[in-house]
Amino acid sequence: EAQVTQNPRYLITVTGKKLTVTCSQNMNHEYMSWYRQDPGLGLRQIYYSMNVEVTDKGDVPEGYKVSRKEKRNFPLILESPSPNQTSLYFCASSLSGGGGNTEAFFGQGTRLTVV
Amino acid sequence: ILNVEQSPQSLHVQEGDSTNFTCSFPSSNFYALHWYRWETAKSPEALFVMTLNGDEKKKGRISATLNTKEGYSYLYIKGSQPEDSATYLCAFRSGAGSYQLTFGKGTKLSVIP
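Quick caveat, the model's predicted, so the values are computed rather than measured.

1. Digging into the overall build of chain B
Counting its regular elements, chain B contains zero helices and eleven strands. In terms of overall size, chain B behaves like a compact globule, its C-alpha atoms giving a radius of gyration of 14 Å where 113 residues would be expected to give roughly 13 Å. For chain B, buried positions account for 50% of its 113 residues. For chain B, the proportion of contacts with a sequence separation of at least 24, taken over those separated by at least 6, is 55%. Summing over all exposed atoms, chain B offers an accessible surface of approximately 5600 Å²; the carbon and sulfur share of this is 45%. Computing the positive centroid from 11 side-chain charges and the negative centroid from 10, chain B places the two 5 Å apart.

Written out as structure tokens, the structure reads:
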């Protein structure tokens, strides 16, 4: 089954404790991205990747890191989480390297709480 | 940061009513416009990807139109059903050198049986 898989689905952590949210897709998609969703603000793009070893900042990259060492995986790293990073996170992938003219497939979401 | 606006923010309709909502985006440097349906506790799912001015797309009772020159897209739902209740998101991709997809805040549709 074609899918984007995120882990964990739910996470409660403490301020400053490094964490990684994993994202994997099995569709051989070139473009992958991370979004956060906050009430009243909609989906905002954190980082995106056009292909292996090619990443770029979205609209809200501060406090996050990403890597794309393999085509299928695009982990989101929070080196020192803070309470303002409490949010619902989505990973998404799409076929084309441009990420624009093909639909995005979303993971199940990760609800992160930083206390 | 690009400005993508959706209206209305929320909408309640009776079962069987037809409805429509709007996505406004920058009219310059257009590349693509996406529509997604997002049900509570699930992930957004793609409805349409539109790339050409004048595009009309249809999937069952849902259709969408695109006007890139004036910077808007309409989503129509004919004969709304309770299962259409969801948040509908549009997303804009500029052709001006950025590969970002910018989402609107969505229109939350509630269909009353």
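Continuing now.
2. Overview of the pattern of salt bridges
All chains considered together, the criterion is met by seven salt bridges over all chains. Ionic pairing is found between R37(B) and E39(B), a salt bridge with its closest N-O pair at 3.3 Å. Judged by its relative accessible area of 27%, E39(B) falls in the partly exposed class. The structure contains a network of salt bridges with shared partners spanning K18(A), K65(A) and E79(A).

3. Observations regarding the state of the cysteines
Residues and elements named next belong to chain A. Going through the model one piece at a time under the given rule, you end up with two disulfides over all chains. The side chain of C23 participates in a disulfide bridge whose partner is C91; the two sulfur atoms lie 1.8 Å from each other. Its torsion about the S-S bond being -70°, the disulfide of C23 and C91 is classed as left-handed. Taken together, the positions of C23 in strand β3 (residues 19-25) and C91 in strand β9 (residues 87-94) put the pair 68 residues apart, joining distant regions of the chain.

Reading the values: the criteria
Residues numbered from 1 in each chain as written. Chains lettered and ligands numbered in written order. Predicted model: local features only at pLDDT ≥ 70, side-chain atom pairs only at ≥ 80, totals over all residues. Heavy atoms only, no water. Helix = DSSP H or I, 4+ residues; strand = E, 2+ residues; numbered from the N terminus. Rg over C-alpha atoms; globule rule 2.2 N^0.38 Å. Buried < 20%, exposed > 50% of the residue type's maximum accessible area, 1.4 Å probe, protein only. Contact = heavy atoms within 4.5 Å. Areas by Shrake-Rupley, 256 points an atom, 1.4 Å probe, with all protein chains shown as cover. Lys, Arg positive; Asp, Glu negative; His and termini not counted. Charge placed at Lys NZ, Arg CZ, Asp CG, Glu CD. Salt bridge = Lys/Arg side-chain N within 4 Å of Asp/Glu carboxyl O. Disulfide = S-S within 2.5 Å.

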